[in-house]
Amino acid sequence: MENTNIFSDFNPDIPLAERENIISCRNLNKWYSNELHVLKDVNVDIKKGEIVVVLGPSGSGKSTFIRTINGLEEIQKGKIVVDGIELSNDKANIENIRKETGMVFQSFNLFPHLTILKNITLSPIWVRKWPKKKAEEIGMQLLERVGIPEQAHKYPGQLSGGQQQRVAIARALAMQPKIMLFDEPTSALDPEMVKEVLDVMKELCCTGMTMIVVTHEMNFAREVADRIILFDQGEIVEMGTPEELFDNPKHERTKLFLSKIL
Ligand code: ADP
Ligand code: MG
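Residues numbered from 1 in each chain as written. Chains lettered and ligands numbered in written order. Predicted model: local features only at pLDDT ≥ 70, side-chain atom pairs only at ≥ 80, totals over all residues. Heavy atoms only, no water.

Visitor: Even after reading the chapter, I still don't get the overall build of the protein chain, so can you show me in this structure?
Guide: What the protein chain contains, in helices and strands, is nine helices and ten strands. Since a compact globule built from 262 residues should have a radius of gyration of about 18 Å, the 18 Å found for the protein chain is in line with a globular shape. By principal-axis analysis of the C-alpha atoms, the protein chain measures approximately 50 × 40 × 40 Å. Looking at the protein chain residue by residue over its 262 residues, the buried ones come to 50%. In the protein chain, the proportion of contacts linking residues at least 24 apart, taken out of those at least 6 apart, comes to 66%. Accessible surface, the protein chain: about 12,600 Å² in total, of which carbon and sulfur atoms supply 48%. Separation of charge centres in the protein chain, based on 32 positive and 37 negative side chains, amounts to 5 Å. (Helix = DSSP H or I, 4+ residues; strand = E, 2+ residues; numbered from the N terminus. Rg over C-alpha atoms; globule rule 2.2 N^0.38 Å. Buried < 20%, exposed > 50% of the residue type's maximum accessible area, 1.4 Å probe, protein only. Contact = heavy atoms within 4.5 Å. Areas by Shrake-Rupley, 256 points an atom, 1.4 Å probe, with all protein chains shown as cover. Lys, Arg positive; Asp, Glu negative; His and termini not counted. Charge placed at Lys NZ, Arg CZ, Asp CG, Glu CD.)

Structure below.
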């Protein structure tokens, strides 16, 4: 994959601290029911091009948190601003934010009855209104970037899990998002396929894409994250660089979590 993002005006010379926020979350609160308070006063700002890894025990609210950012989950209290647009319950507004955020799930969610290339070009043609030829050209470029151009005319069921997840990443990138959200993208994969997906994600990190990644892959987190956020029981317990969090955790709950997984 080339080192520049074909879609972005990212300037790697600007230090992270001096870049603008692309995501700003203020006092996010979410309840699934009266008793189920799953996000509790979550505050976080994310810079353009920042790579954020979200860690935390199962059920701590990681998926809910990243799903609020593209409006897949409603919040009951608080404020989310994505690339200058405040998220509201207005449908047009949510659609605008969804156009800027690509999402990759644990289960690849490809359309089984469409070829790989059609899976990738569907949204650019219907949502972005691109001519088919342009969508296919960019679709093929993206398949090259994720290393499987030869699979373009096959169907998802003919591909391995790792290949399908790479297609899912290419499909999300085809919409030219400014932000990519990953929710445990390698958790459903056989171990030998984890690396090929992480490698694609690592390459993407150098392109200026803003990424939020929920994962249990600690080596990936240490290697690529600018910042790690640790969730527990719907709260951000601790936030810091990989060195701060892994080598010098401040909170007991962080130490406890790390002792279980490292
Ligand atoms: P994580 O991704 O960290 O495992 P989730 O965000 O999926 O955590 O879940 C946080 C809490 O919210 C859990 O208690 C979970 O059972 C609950 N939850 C998640 N999704 C729903 C839903 N759609 N309806 C009701 N409860 C949910
Ligand atoms: Mg989850």
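Visitor: Explain the site of ligand 1 here, please?
Guide: Around ligand 1 lies a shell formed by Tyr32, Leu36, Val38, Pro57, Ser58, Gly59, Ser60, Gly61, Lys62, Ser63 and Thr64. In the model, an oxygen atom of ligand 1 is placed 2.8 Å from a nitrogen or oxygen of the Lys62 side chain. Between ligand 1 and Thr64 there is a distance of 2.5 Å, counted from an oxygen atom to a side-chain nitrogen or oxygen. Coverage of ligand 1 by the protein chains reaches 60% of its 560 Å² of free accessible surface. Among the elements that take part in the shell around ligand 1, helix H1 (residues 62-69) stands out by supplying three residues, more than any other. A per-class count over the shell around ligand 1 returns four nonpolar, six polar and one charged. (Near = heavy atom within 4 Å. Polar contact = N/O pair within 3.5 Å; in protein donor to acceptor, adjacent residues only side chain to side chain. Nonpolar A, V, L, I, M, F, W, Y, C, P; charged D, E, K, R; others polar.)

Visitor: Help me understand the layout of surface pockets, please; the structure alone is not making it clear to me.
Guide: If a probe as big as a water molecule is rolled over the atoms, it shows which places are left empty. If you add up the space inside the largest pocket, you get close to 600 Å³. The wall of the largest pocket is formed by 22 residues, among which Arg98, Thr101, Met103, Ser123 and Met175 lie closest to the centre. Of all the elements in the fold, those that place two or more residues in the lining of the largest pocket are helix H2 (91-100), strand E6 (101-104), helix H3 (116-126) and helix H5 (161-174). Broken down by element, the residue count for the lining of the largest pocket peaks at four residues, all from E6. (1 Å grid on protein atoms, 1.4 Å probe; cavity = no way out; pocket = protein on both sides within 12 Å on 5 of 7 lines; lining within 4 Å. Points joined across faces, edges and corners; volume = space filled by probe spheres on them.)

Visitor: Mind showing me how you'd approach the side chain of Thr186 here?
Guide: Positionally, Thr186 belongs in the loop between strand E7 (179-183) and helix H6 (191-205). Sequence-distant contacts of Thr186, defined by excluding residues within four places in its chain, comprise Val194, Val197, Leu198, Thr215 and Glu217.

Visitor: Looking at this structure, how should I read the UniProt feature "domain: ABC transporter" (unreviewed entry) in the protein chain?
Guide: This chain's UniProt record puts "domain: ABC transporter" (unreviewed entry) on residues 23-258. Between the end C-alpha atoms of residues 23-258 the distance is 27 Å, and the span holds 39% helix and 25% strand. (UniProt positions renumbered as here; feature names shortened; annotations may be inferred.)

Visitor: Sorry, what's going on with the environment of Gly49 here?
Guide: Relative to the helices and strands, Gly49 resides in the loop between strand E2 (37-47) and strand E3 (51-55). In this structure, the C-alpha to C-alpha distance between Gly49 and Lys132, residues 83 residues apart in sequence, is 30 Å. Sequence-distant contacts of Gly49, defined by excluding residues within four places in its chain, comprise Leu16, Arg19, Gly208, Met209, Thr210 and Asp226.

Visitor: Could you clarify how one ought to interpret unusual backbone geometry in this entry?
Guide: A negative phi angle is the norm for most residues apart from glycine, just as the trans form is the norm for most peptide bonds. The residue Asn27 is not glycine, and still its phi comes out positive at about 45°. Tracing the chain through its elements places Asn27 in strand E1 (residues 21-31). On the basis of relative accessible area, Asn27 is assigned to the partly exposed category, the value being 35%. The phi torsion at Lys129 lies on the positive side, around 65°, for a residue other than glycine. Within the secondary structure, Lys129 sits in the loop between H3 and helix H4 (132-145).

Visitor: So what exactly am I meant to see when it comes to the confidence of the model for the protein chain here?
Guide: Detailed reading of predicted coordinates is not advised where the pLDDT is low. The pLDDT averaged across the protein chain works out to 93; a share of 96% of its residues lies at or above 70. Here residues 1-6 is a poorly scored stretch, pLDDT under 50, and it has 13 contacts once near neighbours within four places are set aside; other chains count. Scored by ipTM, the complex comes to 0.98, with pTM at 0.95. (pLDDT = per-residue confidence, 0-100.)

Visitor: Help me understand the pairing of strand E8 (residues 210-214) in this model?
Guide: Both faces of the sheet carry side chains from a regular strand, because those side chains alternate between them. The buried fraction of E8 is high, at five of five residues. The side-chain alternation of E8 yields two buried faces, one formed by Thr210, Ile212 and Val214 and the other by Met211 and Val213. Two elements, E3 and E8, share four bridges in a ladder whose sense is parallel. If you follow Val52 over to E8, its bridge partner there is Ile212. In this structure, E7 lies alongside E8, joined through five bridges in parallel fashion. Each residue of the ladder has a partner; that of Ile179, found in E8, is Thr210. Remark: the E7/H6/E8 crossover connection has right-handed handedness. (Pairing = 2+ DSSP bridges. Right-handed = clockwise from strand over helix to strand, strands pointing away.)

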